Amino acid sequence: MTGWVLIVDDEEMIRENLKAYLEDEGMGVAAFESATLALSWLRGGARCPVCVMDMRLPDMDGNTAIRILHDLYPEMDFLIHTGSSSYSLPEDLRAMGLDDSRVYRKPLEDMAPLAAAVRALAAAREVRP
Amino acid sequence: MFMLRRPRSPRPPPRRWSPVSALGRGIRFKASIVSPLLLAEMRVARAGSDVFGWDYLVRGPAEKVNYTVLVLIPLILLVVVALFWCWLQRQEALHRSRQLQRELNERQRVEEALRESEARFRDVTEAASDWIWEMDEHLRFTYLSERFEALTGIDTRSVLGLTRWELAGVDFGANPQKWRKHRETLEGHLPFRDFIYQTLLIGGQSTGRYLKVSGKPVHDERGRFRGYRGTGTDITEQAKAEEALYQSELRLRRIIDLVPHMIFARDRRGHFLLANRATAAAYGTTIEALVDPSYPLSHGVPEEIEQRLADDLAVIGDWESRLIPEEVFTDHAGRVRTLQTMKIPFSEPGANGAAVLSVAIDITEQKQAKEEVARMRLYLKNIIDSMPSVLIGVDPWGYITVLNQPAEQTGGISWEMAQGRFFGDVFPQLEGQFEQVQQAIRQGCPIKTPRMTFEVEGELHYADVMVYPLMADHVSGAVIRIDDVTARVRIESMMVQTEKMLSVGGLAAGMAHEINNPLGAILQGSQNILRRIGPGLAQNHAAAKALGVDLTQLNRYLQERGVLRLLEGIREAGVRAAKIVADMLSFSRRSEALFALVDVEDMMETVLRLAASDYDLKKKYDFKRISIERAYDPALRAVYCDKTEIEQVLLNLLKNAAQAMAEAETPVPRIVLRTAREPGYAVLEVIDNGPGMEEKTLKRIFEPFFTTKDVGVGTGLGLSVSYFIVTEQHNGRLSVASKPGQGTCFSIRLPLVREKLS
């Protein structure tokens, strides 16, 4: 299975732009406006190694969504893309191996670094047994 | 005085010359020398004249002749003898008579001399101020010369027959010992001199007289004590004068003893001639001991003694009074006192002629009080000088009485010079305050004029002027206090701005999410558009080919129509808006969670890299042209801070410097990055050699939205954000030093205290 990238963001144009950029980079992208929709898609058997998660979602908090996804799919890695200025990583997320380099603040002037990070994480997952 | 009394004493009875007695004596004499026999016959003849001789001769020859012859011979013999005896007797008598005559003459001469002497004696006695007295062997007065009554007014008759102690009942009662001694003298029959007593009988009506008497015992030829004889004089006036003098002296003595100051007189060698009680007390001894010539001259501290003696001698030498304003005197208890001494020279018989009277007043406490006052005055002066406020003391008419140091500086005049001048003349900017001064004094309450504006060297200054009335007794006036609040006004306005910014920050934080999403859409959208119309992506070519569009041509078209430029404009506008939002977000307070120990040098280098690759800088200025000097203090390693925030500040400063130098076209642009360790602070400095700034600009440099750059070049928030980050978020200081043409130095000071927290 080629590396899918999961994007969860309630802002449509952000979602679509990210999707467009990553697709242009040759990645398979699944984008959802809520965590619930993403979860149901995943329950349908889809697998993806990297998720770009927004924080303010209509159904739940992005951190919670990450915790749930991490519980269900421990092999999944996360990037955080948030518009909140005061966001800082909770300790339990850090415990999962996340750090400040995973946090991307909106607006992104250039999506290249994010794309590079996704590619790097996906590649790392592929290598894993 | 010791003349014989009885001037009229009976003279020895004159001896009358008679021939019979002379003959009788002559016969006796003859008989003694002729023969005891004849004498015996004479005696027989005288004893019984009728027995023989005369009777026989008369009767004559009737008797027998031989008997007659026998009788005649002895008779003739007898006659011859008698005649011879008579002649002898006559010679004897003549001699005797001459001798008697001589004796008589001698006696008459002696008697004449005696009479003369007696007369002289009488005259002297009568004329003398003394009288003569006599006592019998029972020590009772038997005689008093007339002078007694004349001098004392005491009736002589009332005295005769009395003893002396009976005459002086009161005195006897008062001084029994004196009288006992006198009586012993008299009863011992000894002479005495100058015995003084008061004649005042107990219950007597006369006033007492003071008498002085001398006397010697009188003895008769057989050495028996016959009484006393002597002289007396009335010394009442003298005694009274002496008594008065004594009383007066006693009073004076009491007075000088009452005086709490030291009063003493000393001769030129330093011996005390007189001292009062205060002096004696200071020396820790008695007056008697002090004035004793044996009192040691060296009592006390040697230097003080020397000084005092020198002063005394100077006073004697000049013969002029002198006031010693301050003199150190260590008393017997070792307490050091300060005396103010008046020294007056005077002649003292028996003290080598000259002495010095000193009156010393203990001014120790006064001096201490004076020193305390002076100290207090200086203290207060220092206090008012230490105040940053300008203080001007004025009287009710506005004339200057006091200036503190800041006032002297402001007025450009010293206190001494300004005293007595009208304050409005010295401080023209305050002229309008005279009304307030008068009002404050009248009403007795301070009057404040806040935020008065002054023009100082073309700049606007603010000052709070307060007029305080002075409320001392009888002294009225006011103090004008001026506080230059220009800096405070600026800080206040900055704080107001800061508050504004904080609310902006709060607002920004609240809506950042809402703005960042559309901004993200704009920026990401622009990026995607530019990517998808460009020739760079393989997908583009595939899609174009499928639709029969020549991608190169399309691109040329977009170029031709300026679409690419417009799209770029959208992107740039989005970037700028994002920057403003980010800056505004910086005004919100950050949590301490982001604080960490940061290596200063690492941080500096990071910022240098960021600056070199900064999009704006790269576009407009060649950062690489600027030579960078590093002056890092090895003693300063880690600083506790929010790394990204301080990096932002440093980047701001670097960009600011680069922009300023580029704009001014500084020939050899150079930036010095310097770190240093100061007490309590880590100092990070960015120093350029650019055009520098004017004072006016400097003062406003940290104000939000203040910019010297062209519109659109900067947001005007850069330095105020930096200021906010350093001062509000890091509790540090951001300062700037600059002069036109001399470059600029920005200094960040971050507290080192936090180092300990880590």
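Reading the values: rules and limits
- Residues numbered from 1 in each chain as written.
- Chains lettered and ligands numbered in written order.
- Predicted model: local features only at pLDDT ≥ 70, side-chain atom pairs only at ≥ 80, totals over all residues.
- Heavy atoms only, no water.
- pLDDT = per-residue confidence, 0-100.
- Contact = heavy atoms within 4.5 Å.
- Helix = DSSP H or I, 4+ residues; strand = E, 2+ residues; numbered from the N terminus.
- Expected span 1.5 Å × (residues − 1).
- Pairing = 2+ DSSP bridges.
- Salt bridge = Lys/Arg side-chain N within 4 Å of Asp/Glu carboxyl O.
- Buried < 20%, exposed > 50% of the residue type's maximum accessible area, 1.4 Å probe, protein only.
- Patch = residues over 30% accessible without salt bridge, like charges linked within 9 Å, V, L, I, M, F, W, Y side chains within 5 Å.
- Areas by Shrake-Rupley, 256 points an atom, 1.4 Å probe, with all protein chains shown as cover.
- Nonpolar A, V, L, I, M, F, W, Y, C, P; charged D, E, K, R; others polar.
- Axes fitted to C-alpha atoms, helices over the stretch in contact; angles between N-to-C directions.
- Core = buried A, V, L, I, M, F, W, Y, C linked by side-chain atoms within 4.5 Å.
- Parallel < 35°, antiparallel > 145°, perpendicular 65-115°, else oblique.
- Left-handed = near helix turned anticlockwise from the far one by under 90°.
- Polar contact = N/O pair within 3.5 Å; in protein donor to acceptor, adjacent residues only side chain to side chain.

Draft legend 1. Inspection of the confidence of the model for chain B at higher detail. All names here are of chain B. Across chain B, the average pLDDT comes to 81, with 84% of residues at 70 or higher. The low-confidence segment residues 1-7, where pLDDT is below 50, has 10 contacts with residues more than four positions distant or belonging to other chains. Taken as a whole, residues 17-24 scores under 50 in pLDDT and shows 5 contacts with residues more than four places along the chain or in a different chain.

Draft legend 2. Structural view of helix H12 (residues 302-318) of chain B. Between the first and last C-alpha of H12(B) there are 24 Å, a value that for 17 residues agrees with the 24 Å anticipated at 1.5 Å per step. Summarising the contacts, the buried residues of H12(B) are in contact with strand E6 (262-267), helix H10 (277-283), strand E8 (322-330), strand E9 (336-348) and strand E10 (353-362) of chain B.

Draft legend 3. Inspection of the pairing of E8(B) at higher detail. Residues and elements named next belong to chain B. The pairing of E8 with E9 spans 7 bridges and is antiparallel. What sits directly across from Glu327, in E9, is Leu339. The hairpin turn running from E8 into E9, its antiparallel successor, is 5 residues long, and Gly334 in that turn takes a positive phi close to 85°.

Draft legend 4. Representation of the pattern of salt bridges within the structure. Per the counting criterion, the structure on display carries 43 salt bridges over all chains. In this structure, Arg94(A) and Glu91(A) form a salt bridge, with 3.8 Å as the shortest nitrogen-oxygen distance. Of this pair, Arg94(A) and Glu91(A) both sit in helix H4 (residues 91-95), 3 residues apart, roughly one helical turn. Accessibility expressed as a relative area gives 60% for Glu91(A), which makes it exposed. A salt bridge links Lys381(B) to Asp385(B), with the nearest nitrogen and oxygen atoms 2.8 Å apart. Placement of the pair is Lys381(B) and Asp385(B) together in helix H13 (residues 364-386), with a separation of 4 residues, close to one helical turn. With a relative accessible area of 22%, Lys381(B) lands in the partly exposed category.

Draft legend 5. Fine view of a nonpolar patch on the surface. Together, Met376(B), Tyr379(B), Leu380(B), Ile383(B) and Met387(B) make up an exposed nonpolar region whose accessible area comes to about 420 Å². Residue classification places Met376(B) among the partly exposed positions, given a relative accessible area of 34%.

Draft legend 6. The arrangement of the interface of chain B and chain A in detail. Contacts between the two partners involve 22 residues from chain B, matched on the other side by 24 residues from chain A. The interface formed by chain B and chain A holds 3 salt bridges in total. In this structure, Glu514(B) and Arg56(A) form a salt bridge, with 2.7 Å as the shortest nitrogen-oxygen distance. Secondary structure elements with two or more residues in the side of chain B that touches chain A: helix H18 (486-533) and helix H21 (563-586) of chain B. The element contributing the most residues to the side of chain B that touches chain A is H18(B), with 16 residues. The residue makeup of the side of chain B that touches chain A, split by class, is 9 nonpolar, 9 polar and 4 charged.

Draft legend 7. Highlighting the sheet that holds strand E12 (residues 400-403) of chain B. Residues and elements named next belong to chain B. Spatially, the 5 strands line up as an open sheet ordered E12-E11-E15-E14-E13, and their pairing is antiparallel. Strand pairing shows two members of the sheet lacking a second neighbour, E12 and strand E13 (447-456), which therefore form its edges. In this sheet, adjacent strand axes meet at a mean angle of 25° when their direction is disregarded. Of the pairings in the sheet, the one linking strand E11 (residues 390-394) to E12 comprises 3 bridges and is antiparallel in character. Looking at E12, one finds that Ile392 is bridged to Leu403.

Draft legend 8. Just the sheet that holds strand E1 (residues 4-8) of chain A, in detail. Residues and elements named next belong to chain A. The 5 strands lie next to each other as E2-E1-E3-E4-E5, forming an open sheet whose pairing is parallel. Strands with a single pairing partner mark the edges of an open sheet, and in this sheet they are strand E2 (28-32) and strand E5 (103-105). Between one strand axis and the next, the sheet turns by 20° as a mean value, whatever way the strands run. Two elements, E1 and E2, share 5 bridges in a ladder whose sense is parallel. Paired with Trp4 across the bridge in E2 is Gly28. Relative to E1, helix H2 (residues 35-43) is tilted by about 155°, and along the sheet it contacts E1 and E2. Helix H3 (residues 62-72) rests against strand E3 (50-53) and strand E4 (77-82) of the sheet, and its axis sits at about 165° to E3.

Draft legend 9. Main features of the nonpolar core. Among the nonpolar cores identified, the biggest contains 41 residues, and Leu650(B), Leu654(B), Ile671(B), Leu673(B), Leu684(B), Phe746(B) and Ile748(B) are the most heavily contacted of them. At the level of elements, helix H22 (600-613), strand E18 (638-642), helix H24 (643-663), strand E19 (670-678), strand E20 (681-688), helix H26 (718-729), strand E21 (733-738) and strand E22 (744-751) of chain B are the ones that each hand at least two residues to this core. Dropping the residues within four chain positions of it, Leu650(B) is found in contact with Met603(B), Met604(B), Val607(B), Leu684(B), Val686(B) and Ile748(B). Counting 26 residues, the second largest nonpolar core, distinct from the first, contains Ala35(A), Cys51(A), Met60(A) and Ile66(A).

Draft legend 10. Spatial organisation of the packing of H22(B) against H24(B). Residue and element names in this part refer to chain B. With their axes 9 Å apart at the nearest point, H22 and H24 run at an angle of 55° to one another. Relative to H24, H22 is oriented oblique. Handedness of the H22/H24 crossing: right-handed. Residue-level inspection shows Met603, Met604, Thr606, Val607, Leu608, Leu610 and Ala611 of H22 in contact with H24, the latter providing Lys643, Ile646, Glu647, Leu650, Leu651 and Leu654. The residue makeup of the contact of H22 with H24, split by class, is 10 nonpolar, 1 polar and 2 charged.

Draft legend 11. The side chain of His730(B), seen in detail. Residue and element names in this part refer to chain B. Along the chain, His730 falls in the loop between H26 and E21. With relative accessibility at 1%, the residue His730 sits in the buried group. Side-chain polar atoms of His730 contact the backbone nitrogen of Asp642, separated by 2.9 Å.

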